[in-house]
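Report on the structure
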Amino acid sequence: MIDRIGELREQAQAAIAAAESAAALEEVRIRYLGRKADLPNLLRGVAELAPEQRGPTGKAANQARQALEALIERRAGELVAQELDERLTQDRVDVTLPGDPLPAVGRLHLLTATRREIEDVFIGLGFNVAEGPEVELVYYNFDALNHDVTHPARDHTDTFYVHDDVVLRTHTSPVQIRAMELQPPPIYIIVPGRVYRRDSDLTHTPQFHQIEGLAVDDDVTMADLQGTLLAFARAIFGEERKVRLRPHFFPFTEPSVEVDVSCFNCVDGVTADGQRCPICKGTSWIEILGAGMIDPNVFGYVREYGYDPERIQGFAFGMGIERIAMLRHGVPDLRLFYDNDIRFLEQFG
Ligand code: DAH
């Protein structure tokens, strides 16, 4: 009988190894270990054997059964792994993976990037960043900035009026007054923000951006203004740059200047390929901003906040962020900033 057990064991082992699916394996199990199968039957018959045969026969049959059960279990594991493998090779598309091509990551708008760069330069020089309202009182936008009642910028054809005494601010300069009302001197601030004018053409949009600067202290001079703007010009347009101050007029500064930076695109107005430089128009200087020493009349409006025109002095400047970005990156049309054409936006940042 022990021989018969060995035979069955070998047959069953071969059948288990040959089973190629869970169902086939189950059939093998039933055939060799099921209730009506030979091996369990043999086990049940052990009781009828001669006493000295019972031990070894029972043992062999039990070992055979345990061994076969273990083999079935192992084969079942192999089949599961094999099936998974096949499914994975067939189902190559994994919907849980990120899309292809990868979705584009966002980037800063060129105006935002330029604003932050300019801010960084002035923060490095010790200025703080301040802000003010875009809907502004005429008082702050014009009156306290020493604009004559007849100043043309006050005209309704130039400026958006919300009420008789409320406008969309036409520049960031009103924040000079608001900031001085909030803190006594010394004050060193820059003020980025949106401004609004009734203008629309190739070089003007009704809304654009400026950065204002204000420095007030005991002993601030025009030389400080020039040095500050030189540091700014070099950081933004290159270490070789020079600046030039030309006399000008603004209501709230006296004296007032327009500030030019030496052209970064040519030598003496002529480009490397011998053309008249299109950026500086052959003049080798590019206007970048307006500036000046704070007019004592302006301090007169904030005297009660600690700004005694007899004791303190200051400088201010104001620049257009669009203009700086256009010069620096050769952007030909102001409106490109606002069209939101992805082909334009993707070139920067
Ligand atoms: N607010 C002026 C403008 O929008 C620019 C400006 C000029 C600002 C001179 C200043 C300054 O602070 O001192 O045209």
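Residues numbered from 1 in each chain as written. Predicted model: local features only at pLDDT ≥ 70, side-chain atom pairs only at ≥ 80, totals over all residues. Heavy atoms only, no water.

Take the overall build of the protein chain next. On a plain count of helices and strands, the protein chain comes out with twelve helices and ten strands. Against the compact-globule benchmark of 20 Å for 349 residues, the protein chain has a radius of gyration of 43 Å, which places it well outside the compact range. If you line up the protein chain on its principal axes, its C-alpha atoms span 130 × 55 × 40 Å. In the protein chain, which comprises 349 residues, the share counted as buried stands at 40%. For the protein chain, the exposed surface amounts to about 19700 Å²; the carbon and sulfur share of it is 52%. Where the 36 positive side-chain charges of the protein chain centre and where its 55 negative ones centre are 10 Å apart. (Helix = DSSP H or I, 4+ residues; strand = E, 2+ residues; numbered from the N terminus. Rg over C-alpha atoms; globule rule 2.2 N^0.38 Å. Buried < 20%, exposed > 50% of the residue type's maximum accessible area, 1.4 Å probe, protein only. Areas by Shrake-Rupley, 256 points an atom, 1.4 Å probe, with all protein chains shown as cover. Lys, Arg positive; Asp, Glu negative; His and termini not counted. Charge placed at Lys NZ, Arg CZ, Asp CG, Glu CD.)

Next up on the list: the sheet that holds strand E3 (residues 161-163). The three strands lie next to each other as E2-E4-E3, forming an open sheet whose pairing is antiparallel. The sheet terminates laterally at strand E2 (135-137) and E3, the two strands that pair on one side only. The sheet shows a mean angle of 35 degrees between the axes of neighbouring strands, direction not considered. With two bridges connecting them, E3 and strand E4 (residues 166-168) associate as antiparallel partners. Counted as the bridge partner of histidine 163 is valine 166 from E4. (Pairing = 2+ DSSP bridges. Axes fitted to C-alpha atoms, helices over the stretch in contact; angles between N-to-C directions.)

A few words now on the domain arrangement of the protein chain. According to the domain assignment, the protein chain contains domain 1 (2-90) and domain 2 (110-345). In this structure, domain 1 and domain 2 have C-alpha centres spaced 91 Å apart. (Domains from an automatic or database assignment.)

Where helix H10 (residues 321-329) is concerned, the buried positions are Ile321, Glu322, Ile324, Ala325, Met326 and Leu327. The inward-facing, buried residues of H10 contact helix H5 (110-124), strand E6 (207-217), helix H8 (222-237), strand E9 (285-294), strand E10 (313-320) and helix H11 (336-339). Count one or two residues on from H10 and you reach glycine 330, which has phi positive near 65 degrees. (Contact = heavy atoms within 4.5 Å.)

Inside soluble globular proteins, nonpolar side chains tend to come together where they are buried. By size, the foremost hydrophobic cluster in this structure holds 43 residues, and its most contacted members are Phe232, Leu289, Phe317, Met319 and Phe337. Elements with a minimum of two residues in this core: H5, E6, H8, strand E8 (253-262), E9, E10, H10 and helix H12 (342-345). Broken down by element, the residue count for this core peaks at six residues, all from H8. Residues within four places of phenylalanine 317 in sequence aside, it is in contact with Phe122, Ile190, Ile211, Glu212, Gly213, Leu225, Leu229, Leu289, Gly290 and Ala291. Within the second largest apolar cluster, 21 residues are counted, among which are Val175, Ala179, Tyr307 and Ile312. (Core = buried A, V, L, I, M, F, W, Y, C linked by side-chain atoms within 4.5 Å.)

Taking 1.5 Å of rise per residue, twelve residues should cover 16 Å, and helix H2 (residues 22-33) covers 16 Å from first to last C-alpha, within 8% of that figure. On its buried side, H2 packs onto helix H1 (2-18), helix H3 (38-45) and helix H4 (51-90). (Expected span 1.5 Å × (residues − 1).)

Below, the discussion takes up the packing of aromatic side chains. In total, this model carries twelve aromatic pairs according to the counting rule given. Taking 6.1 Å as the distance between ring centres and 35 degrees as the angle between the ring planes, the aromatic pair formed by phenylalanine 250 and phenylalanine 252 counts as tilted. Here phenylalanine 337 and phenylalanine 344 contribute two aromatic rings whose centre-to-centre distance is 5.9 Å and whose plane-to-plane angle is 80 degrees, an arrangement assigned as edge-to-face. Judged on exposure class, the residue phenylalanine 337 and its partner phenylalanine 344 are both buried. Ring pairing ties together the aromatic residues Phe122, Phe127, Tyr188, Phe232, Phe315 and Phe317, which thus form one cluster. Across from the ring centre of tyrosine 140, 4.1 Å away, lies the NZ or CZ of arginine 178, which sits over that ring. (Phe/Tyr/Trp six-rings, centres within 6.5 Å; stacked < 30°, edge-to-face > 60°. Lys NZ or Arg CZ within 6 Å of the ring centre and 35° of its normal.)

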